[in-house]
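What follows is each chain in one-letter form.
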Amino acid sequence: MVLNPDALLNAAEALATLAFALSGLLAAARKRLDVVGVIAVAGLAAFGGGTLRDVLLDRRPFYWVEHSDWVWALLALCVLAMLFLRARHLVVTARAMQWPDAVGLGLFSASGTQIALVYGMPPLIAVLMGCMTAICGGVLRDIVCNEIPSAFHDHRPYALCAFAGGWVAVAGVRFAWGEEATLLAATATATGLRALALWRDYELPPWRVTD
Amino acid sequence: MVLNPDALLNAAEALATLAFALSGLLAAARKRLDVVGVIAVAGLAAFGGGTLRDVLLDRRPFYWVEHSDWVWALLALCVLAMLFLRARHLVVTARAMQWPDAVGLGLFSASGTQIALVYGMPPLIAVLMGCMTAICGGVLRDIVCNEIPSAFHDHRPYALCAFAGGWVAVAGVRFAWGEEATLLAATATATGLRALALWRDYELPPWRVTD
Amino acid sequence: MVLNPDALLNAAEALATLAFALSGLLAAARKRLDVVGVIAVAGLAAFGGGTLRDVLLDRRPFYWVEHSDWVWALLALCVLAMLFLRARHLVVTARAMQWPDAVGLGLFSASGTQIALVYGMPPLIAVLMGCMTAICGGVLRDIVCNEIPSAFHDHRPYALCAFAGGWVAVAGVRFAWGEEATLLAATATATGLRALALWRDYELPPWRVTD
């Protein structure tokens, strides 16, 4: 069996976007939003990070404008979830989505960094824009749900893994590894670190400001 | 008596913008914001949705930049409201504003969809941008007031009416009804559905996720 | 000793940006955010207002893209603060930062207004964009920290001082005082009013909506 790398990349991207959308869907369920809220929060979680990056870079068209089929898929997902998802599925779904979410963290931070470098950003800014691509969907999801963004206070290495992966992408561009190899190496770094953090249950040290 | 259609449209737009601004003003009053907060929240409610759409479309100038007289009017409205509005007026004002608010929902979703189509958006995206134009002012108002956006959780058909109206606008453009007729038909659809929902007190079905 | 005006301006700007970043850092400490949250909120407080203005004006590059050294400095500041800042320093830091914060309020509202005028905004809009430059960093900081923005409800003259300074900048451009003199006069007006308000402990009148 021969695996087409492009098909693999597309599958990883689809899976990761699904994981991001589901994180929004579950957050909306916890807050008992209605169908409009569910769609809005799931869409924000799935596409918000990339859209924010593109607004900052003044880059068009957005992913969801170019691929409006994905928005149809999102609408269908939300309606199906509201029809068939029950309370007993929520925890299972959240746990199952940790792994594709880690893939998305790596993939979107790597590709986000690459895109920002193409747009002439300096290395640090490109890496931060890669992190934004990966985490700001979740940040916007939490803001709309009236929570402090979990990426900012749960003391789990998440954005930091994306940050590390971003620097691998910068190295790949600097040393001309080629686009695919760079994407793969940066994604593997960020996703691998995140998987390690999940597996070993790492926590960032607390700020001892209240001692 | 002859009614000039343009004058009628301008009057509808002014009335609808006033309703949106007042929704912000009342939200600010409930949270006991100061004069700066009142102006910011009223302005966000009135102009936030169209501004978000224009940022996404990379469209300039914004409505409030081109018509800065309206911003003066908003400042005057806020100052007058702070001088003369009392607690006993709040409920009356909120109830009276339901109807011009429904006009705004229809008008802004219809015109927002038309604008997005002119900017080459695919139909679904154009309809969603029409919905954004109509509802995101209120969404931003609620986020700033530290509430979950009511458009996302009050289970009243609001964005869904805008969604239906948006598809009428798409049909009007596809079948070349002409700009005015399209705007009128789409606005009438969204506003009519909203008025029906208010009149019959419709509610969206709850998500049975917690059964 | 001869003071170079440019060096003085740069020093004022650095001090003011530091004050804004520290306001984010302290807000993040109060909410017990982790290192990612601290950096995000400090960065938003420092650069969010100018970035929002530039997105609205469609102006690039952003300050933090052009001067990515400042972002390195911000990262260093956050890490050092998390290592060395203790609870007993928080109140002292907040109080000490009031004065450079007032300088930032004046400087950023003055320069924000000037930039908006260069981009062809009408006077009122330019002044409001100057205010945005000065206050929206703090507004975004508070939204992310799940609070109603203090600039909107603490009843202290803050944005109003920026508003007054902005009109001085408009006058300076209209009557061709020259760029430096305009910046100085507008900054002095806004900063002076803010310092007066702090010194005399002024409060805006409450809205008597709940009588």
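Right above here is the structure, for reference.
Residues numbered from 1 in each chain as written. Chains lettered and ligands numbered in written order. Predicted model: local features only at pLDDT ≥ 70, side-chain atom pairs only at ≥ 80, totals over all residues. Heavy atoms only, no water.

**Considering the overall build of chain A**
Defined as follows: Secondary structure is summarised from DSSP: a helix means a run of H or I of at least four residues, a strand means a run of E of at least two, and numbering begins at the N terminus for each. With C-alpha atoms as the basis for the radius of gyration, the globule rule is written as 2.2 Å multiplied by the number of residues raised to the power 0.38. Exposure is judged per residue with a 1.4 Å probe applied to protein chains only, and the accessible area is read against the type maximum: over 50% gives exposed, under 20% gives buried, and values in between give partly exposed. Contacts are assigned to residue pairs with any non-hydrogen atoms lying within 4.5 Å of each other. Under the convention used here, a 1.4 Å probe and the Shrake-Rupley method define accessible areas, while residue burial counts only the protein chains that appear. His is not counted, nor are the chain ends, whereas Lys and Arg count as positive and Asp and Glu as negative. Think of each charge as sitting on NZ of Lys, CZ of Arg, CG of Asp or CD of Glu.
Across its full length, chain A carries nine helices and zero strands. Listing the helices and strands of chain A from first to last along the sequence gives α-α-α-α-α-α-α-α-α. For 211 residues, the compact-globule estimate of 2.2 N^0.38 gives 17 Å, and the C-alpha radius of gyration of chain A, at 17 Å, lies within 12% of that figure. On the principal axes, the C-alpha backbone points of chain A span a range of 50 × 50 × 40 Å. Burial analysis of chain A (211 residues in total) assigns 54% to the buried set. Long-range contacts, defined here as pairs at least 24 residues apart, represent 74% of the contacts in chain A between residues at least 6 apart. In the form shown here, chain A has an accessible surface area of approximately 9,600 Å², with 65% of it arising from carbon and sulfur atoms. Looking at chain A, you have 15 positive and 16 negative side-chain charges, and the mean spots of the two groups are 8 Å apart.

**Here we look at the interface of chain A and chain C**
Frequently, the measure chosen for interface size is the accessible area removed from exposure when the parts meet. Selection rule: When two parts are brought into contact, each loses some accessible area as probed by a 1.4 Å sphere; the total of that loss over both is the buried area. A 3.5 Å cut-off defines polar contacts: any pair of N or O atoms within that distance qualifies, except that in protein one atom must be a possible hydrogen donor and the other a possible acceptor, and neighbouring residues in sequence count only when both atoms are side-chain atoms. In this classification, Asp, Glu, Lys and Arg are treated as charged, Ala, Val, Leu, Ile, Met, Phe, Trp, Tyr, Cys and Pro as nonpolar, and every other residue, Gly included, as polar.
Counting residues at the interface gives 30 residues for chain A and 33 residues for chain C. If you sort the residues of chain A by the area they bury against chain C, Phe152, Trp207 and Val209 of chain A come out on top, with a joint share of 29%. Here chain A is connected to chain C by five residue pairs in polar contact (both at pLDDT 80 or more). Sorting the residues of the side of chain A that touches chain C by element identifies helix 2 (35–57), helix 6 (123–144), helix 7 (150–153) and helix 8 (159–174) of chain A as the ones contributing at least two each. Residues belonging to the side of chain A that touches chain C are distributed by class as follows: 20 nonpolar, four polar and six charged.

**Points about the state of the cysteines**
Residue and element names in this part refer to chain C. For the record, the criterion: In what follows, a disulfide is any cysteine sulfur pair within 2.5 Å.
Following the criterion strictly, the structure yields zero disulfides over all chains and no others. Unpaired in terms of disulfides, Cys131 finds its nearest cysteine sulfur in Cys136, a separation of 9.2 Å. Overall, the relative accessible area of 13% leaves Cys136 in the buried class.

**Looking at unusual backbone geometry**
As a rule of thumb, non-glycine residues mostly have phi less than zero, and peptide bonds are mostly trans rather than cis. Residue and element names in this part refer to chain A. Of note, the amide linkage connecting Arg60 to Pro61 takes the cis form, showing an omega dihedral of -5°. Within the secondary structure, Pro61 sits in the loop between helix 2 and helix 3 (63–66). With phi around 60°, His155 is a residue other than glycine that occupies positive phi space. Within the fold, His155 resides in the loop between helix 7 and helix 8.

**Regarding the relation of the copies chain A and chain C**
As a reminder of what qualifies: C-alpha atoms of residues with pLDDT of at least 70 in both copies form the basis for the least-squares superposition of the copies.
Each copy superposes on the other: chain A lies on chain C with an RMSD of 0.0 Å after a rotation of 120° and an axial shift of 0.0 Å. Between the two chains, the operation in question is that of a three-fold axis. Residue Asn146 of chain A of chain A places its C-alpha closer to the rotation axis than any other residue of that unit, at 3.8 Å. The residues that chain A uses at the interface reappear at the interface of chain C in only 13% of cases, marking distinct surfaces.

**Focus: the nonpolar core**
Rules: For the purposes of this section, nonpolar cores are sets of buried Ala, Val, Leu, Ile, Met, Phe, Trp, Tyr and Cys residues that join through side-chain atoms within 4.5 Å.
Ranked by internal contacts, the top residues of the largest apolar core, which has 187 residues, are Trp64 and Ile135 of chain A, Trp64 and Ile135 of chain B together with Trp64 and Ile135 of chain C. Ile135 of chain B has contacts with Leu105, Ala151, Phe152, Tyr158 and Ala159 of chain B, leaving out every residue within four places of it along the chain.

**Re the interface of chain A and chain B**
Going by this rule: Here a salt bridge means any side-chain nitrogen of Lys or Arg lying within 4 Å of a carboxyl oxygen belonging to Asp or Glu.
Facing 33 residues of chain A, the contacting portion of chain B comprises 31 residues. Together chain A and chain B conceal approximately 2,700 Å² of surface at their shared face, both sides included; 71% is due to carbon and sulfur atoms. Summed over the three residues of chain A that lose the most area to chain B, namely Asp34, Val36 and Val144 of chain A, the buried surface amounts to 20% of that side. At the boundary of chain A and chain B, one finds zero salt bridges. Applying the counting rule to chain A against chain B returns five residue pairs in polar contact (both at pLDDT 80 or more). Secondary structure elements with two or more residues in the side of chain A that touches chain B: helix 1 (5–30), helix 2, helix 3, helix 4 (68–84), helix 5 (87–118) and helix 6 of chain A. Of all the elements, helix 2 of chain A adds the most residues to the side of chain A that touches chain B, at seven residues. Of the residues belonging to the side of chain A that touches chain B, the class tally is 23 nonpolar, four polar and six charged.

**Points about the packing of aromatic side chains**
For clarity, the cut-off: Here the aromatic set is Phe, Tyr and Trp, taking the six-membered ring for Trp, and pairing holds for ring centres within 6.5 Å; pairs whose planes are under 30 degrees apart are stacked, those over 60 apart are edge-to-face, and all others are tilted. A positively charged side chain is recorded as over a ring if its NZ (Lys) or CZ (Arg) lies within 6 Å of the ring centre. The angle to the ring normal must also be within 35 degrees.
In this structure the tally under the stated criterion is 18 aromatic pairs over all chains. Relative to Phe108 of chain A, the ring of Phe20 of chain A lies with its centre 5.3 Å away and its plane at 80°, an arrangement referred to as edge-to-face. Of this pair, Phe20 of chain A sits in helix 1 while Phe108 of chain A sits in helix 5, and the two are 88 residues apart along the sequence. Across the pair, exposure class does not vary: Phe20 of chain A and Phe108 of chain A are buried alike. Consider the rings of Phe62 of chain B and Trp64 of chain B, whose centres lie 5.4 Å apart with planes at 10°: the pair is stacked. Note on accessibility: Phe62 of chain B and Trp64 of chain B belong to one class, buried. Taken together, the ring pairs in this structure connect Phe47, Tyr63 and Trp70 of chain A into an aromatic cluster. Of note, Arg200 of chain A hangs over the ring of Trp199 of chain A, and the distance from its end group to the ring centre comes to 5.5 Å.

**A short note on the pattern of salt bridges**
Side-chain pairing between opposite charges can occur once the charged atoms of the two side chains come close. Under the criterion given, the structure shown has 21 salt bridges over all chains. With a shortest N-O distance of 3.3 Å, Arg156 of chain A and Glu203 of chain A are connected by a salt bridge. Placement of Arg156 of chain A in the loop between helix 7 and helix 8 and of Glu203 of chain A in the segment after helix 9 (179–200) is noted, with a sequence separation of 47 residues between them. The partly exposed category is assigned to Arg156 of chain A, whose relative accessible area is 28%. Close ionic contact of Arg59 of chain C with Asp54 of chain C constitutes a salt bridge, the shortest N to O distance being 3.2 Å. A relative accessible area of 21% places Arg59 of chain C in the partly exposed class. Note on Asp54 of chain C: relative accessible area 2%, which makes it buried. A single salt-bridge network, built from bridges that share partners, covers Arg53, Asp54 and Arg59 of chain A.

**Topic: a nonpolar patch on the surface**
Formally: Patch definition: residues above 30% relative accessible area lacking any salt bridge, with like charges linked at up to 9 Å and the nonpolar side chains Val, Leu, Ile, Met, Phe, Trp and Tyr linked at up to 5 Å.
Taken together, the side chains of Trp99, Leu193, Leu196, Trp199 and Tyr202 of chain C make up a nonpolar region of the molecular surface, amounting to roughly 550 Å² of accessible area. Relative to the assigned elements, Trp199 of chain C resides in helix 9 (residues 179–200).

**Some thoughts on the side chain of Arg86 of chain C**
Along the polypeptide, Arg86 of chain C turns up in the loop between helix 4 (68–84) and helix 5 (87–118). Residue classification places Arg86 of chain C among the buried positions, given a relative accessible area of 17%. Beyond its immediate chain neighbours, meaning those up to four positions away, Arg86 of chain C contacts Arg208 and Val209 of chain A.

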